[in-house]
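Summary of the model geometry
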Amino acid sequence: MIWGVALVVLALGIFAVRSFTRERISVRSAQVTYQDLVKSSSTNGKVEPMDDFQGHAQVAGQVQELYVSVGKKVKAGQLLLKMDDKYALASLAHANSTLQAASLGASDIEHGGSQDERNTFAANLNQAKLQRQQDASSLAALQQLQKQGAASAGEVAVAQHRVELDDGNIRSIEQHSTQRYGQADRARAEAQLADARAAVVAAQSGYASADIRTPISGTVYYLPVNQYDYVTAGEDLVYVADLTRMRITAYFDEPEIGNLAAGQPVKIIWDSKPGTTWHGHISQAPTTIITYGTRNVGECFITVDDADGVLKPNANVTITVSTAQHLHVLSVPRVVLHFDAGRPYVFRIIRNKLVRTPVEISIVNYNWAEITGGLNEGDLVATTATTNRDLSNGLQVKLVQ
């Protein structure tokens with residue numbers, strides 16, 4: 001029994017010595033505190049004006065006069081530039097000529113030919129009828145002579161054949177004058193007439209558009225032409241927009257779409273204006289998933305609330321959407337969180353020893369996590385070790401700054 005007691009005392013002594021001489025791992029720590037947390041999502045977007053007028057050349061021609069410059073404010077209805085209208089006049093004259101020709105062609109088909117052709121048909125018909133009348137009189141005379149024995153049956157047959165030929169000729173002339181054109185000819189003529197009318201409308205619009213006026217009030221933000229420049233049809237002439245009414249089209253990756261909702265606040269940064277921040281809100285959250293390059297994204301529209309004319313159309317900006325905001329909540333640095341099968345835990349520091357402690361969390365942003373259970377204000381938690389040593393439950397530690 002004495003030897004047994006001695007062995008136990010010796011073992012306790014060895015354990016005590018090892019406990020006091022065990023190496024302690026140096027760790028950094030953080031304190032559980034209350035603060036305001038905001039969860040956000042960031043992406044790139046493109047600025048677009050809500051009220052935008054883009055003037056284009058309706059027909060090819062020369063810029064005759066310029067009345068504005070980039071940055072100039074204009075009012076609705078104001079004349080911006082004037083095109084040389086001689087090209088528009090030539091185009092309109094050609095369109096009218098084509099329309100007149102198409103109208104005459106359709107009229108000719110409707111009436112069975114041109115006026116000259118109808119006159120020729122009438123003359124030929126009258127001549128054929130007169131010839132038939134003469135041949136019919138000759139036939140009647142021969143038939144009388146045949147009854148008196150003064151004409152042969154052959155002479156009567158020849159006269160009868162001439163009358164039949166006259167009838168066939170009359171029918172041919174009448175048919176040719178009334179059934180000269182078929183349904184396909186009429187459809188072709190109607191299509192040509194419709195095209196010609198549309199060309200006249202387009203030419204009239206081009207002539208009217210020789211004077212480029214803005215339908216909206218705003219600022220000239222794009223003017224790619226100079227006086228006396230020659231432009232082709234459809235070429236850009238001048239852009240006007242209300243720079244105080246702007247929106248942003250942005251694309252969020254699919255995992256972030258579920259956190260977006262209309263009305264959420266947005267912060268806007270443009271690299272061309274460092275130190276300046278604009279604000280806005282989501283006006284339309286994504287409604288579907290689309291393919292954008294190699295990404296599956298949701299298209300989101302953002303209204304700029306404090307557009308001041310500095311933020312330019314087509315600018316590429318960085319937007320940050322605040323998807324959640326919790327005020328005065330218990331928080332820890334995000335780096336202290338660990339997960340086991342999806343369940344979060346931290347290492348509390350109690351009497352220089354790590355104690356694995358399960359926790360409950362709410363919103364988590366890039367730097368902080370909200371704690372809703374498992375910790376109290378003032379608790380000390382381990383962040384990282386100063387060496388490559390992994391943190392574990394029961395590990396003896398010493399705190400470093």
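To start, this report covers the structure provided alongside it. Throughout, a residue's number is its position along its own chain's written sequence, starting from 1. Local features in a predicted model are, by the rule used here, given only for residues with pLDDT of at least 70; side-chain atom pairs are given and counted only at 80 or more, and totals for whole chains, interfaces and linings are based on all residues. Each side-chain value is derived from all of the structure's non-hydrogen atoms; neither hydrogens nor water enter the calculation.

Only DSSP runs of H or I covering at least 4 residues are called helices, and only runs of E covering at least 2 are called strands; the numbering of each starts at the N terminus. You can see S331 is positioned in strand β16 (residues 316–333). When its relative accessible area of 0% is taken as the criterion, S331 is described as buried. Distance and chemistry together define a polar contact, namely a pair of N or O atoms within 3.5 Å, with one atom able to donate a hydrogen and the other to accept it when in protein, and with adjacent residues in sequence counting only for side-chain atoms on both sides. In terms of polar contacts, S331 uses its side chain to reach the backbone carbonyl oxygen of V329, at 3.0 Å. By definition, residues are in contact when any of their heavy atoms lie within 4.5 Å. Other than its neighbours up to four places away in sequence, S331 contacts Q31, V32, T33, Q35, L37, W368, A369 and I371. Remark: exposure states derive from per-residue accessible area (1.4 Å probe, protein chains only) relative to the maximum for the residue type, with buried under 20%, exposed over 50%, and partly exposed in between.

With that settled, consider the packing of aromatic side chains. In this analysis, rings of Phe, Tyr and Trp, with Trp reduced to its six-membered ring, are considered paired at centre separations within 6.5 Å, and the interplanar angle assigns stacked below 30 degrees, edge-to-face beyond 60, and tilted for intermediate values. Counted under the stated rule, the structure contains 4 aromatic pairs. When the centroid spacing of 4.2 Å and the interplanar angle of 15° are considered together, the rings of Y251 and Y292 count as stacked. Here the residue Y251 occupies a position in strand β11 (residues 246–253), and Y292 occupies one in strand β14 (residues 290–292), the gap between them amounting to 41 residues. Judged by its relative accessible area of 17%, Y251 is buried.

Okay, unusual backbone geometry next. One non-glycine residue, R351, adopts positive backbone phi at about 50°. Considering the arrangement of structural elements, one finds R351 in the loop between β18 (343–350) and β19 (353–358). The backbone of N352 shows a phi angle near 60°, a positive value even though the residue is not glycine. Among the secondary structure elements, N352 is positioned in the loop between β18 and β19. Given a relative accessible area of 37%, N352 falls into the partly exposed group.

All right, on to the sheet that holds strand β3 (residues 52–56) then. One bridge is not enough; two strands pair if DSSP finds at least two bridges between them. In space, the 4 strands of this open sheet follow the order β3-β10-β8-β5, with antiparallel pairing throughout. At either end of the open sheet lies a strand with only one pairing partner, and these are β3 and β5 (73–74). In the sheet, β3 pairs with strand β10 (residues 236–241) via 5 bridges, with the strands oriented antiparallel. Counterpart to F53 in the pairing with β10 is V240.

Here the focus is the pairing of β19. As paired elements, β18 and β19 share 6 bridges and run antiparallel to each other. Directly across from I350, in β19, lies its bridge partner K353. Hairpin connection from β18 to β19: 2 residues lie between these consecutive antiparallel strands, with R351 at a positive phi of about 50°.

Let us now look at the sheet that holds strand β6 (residues 79–83). Read from one edge of the open sheet, 4 strands run β7-β6-β4-β9, paired in antiparallel fashion. Because the sheet does not close on itself, it has two edges, and the strands there are β7 (211–213) and β9 (230–231). Where β6 lies against β7, 3 bridges are found, and the strand directions are antiparallel. Bridge pairing in β7 links L79 to R213.

Moving on, we get to the pattern of salt bridges. Think of a salt bridge as a Lys or Arg side-chain nitrogen and an Asp or Glu carboxyl oxygen that are within 4 Å of each other. Tallied over the entire structure, the rule returns 7 salt bridges. E48 is the partner of R247 in a salt bridge, and the nearest nitrogen-oxygen pair spans 3.4 Å. Of this pair, R247 sits in strand β11 while E48 is found in strand β2 (residues 33–49), placing the two residues 199 residues apart along the sequence. Where R132 meets D167, a salt bridge forms, and the shortest distance between an N and an O atom there is 2.6 Å. With a gap of 35 residues between them, R132 in helix α3 (residues 115–147) and D167 in helix α4 (residues 153–178) connect regions that are remote in the sequence.

Ranked by size, the top nonpolar core spans 25 residues in total, and within it I248, I268, I282, I302, V304, V317 and I319 carry the most contacts. Listing elements by their share of this core, those giving two or more residues are β10, β11, β12 (265–269), β13 (277–284), β15 (295–304) and β16. Examining the composition of this core, we find that 4 residues originate from one element, β11, more than from any other. Excluding its chain neighbours within four sequence positions, the residues that come into contact with I302 are M246, R247, I248, A250, V266, H281, I282, S283 and I319. Buried Ala, Val, Leu, Ile, Met, Phe, Trp, Tyr and Cys residues that are joined via side-chain atoms within 4.5 Å together make up what is termed a nonpolar core. In terms of nonpolar packing, the next biggest core, distinct from the first, is built from 17 residues, A57, V63, L81 and V231 among them.

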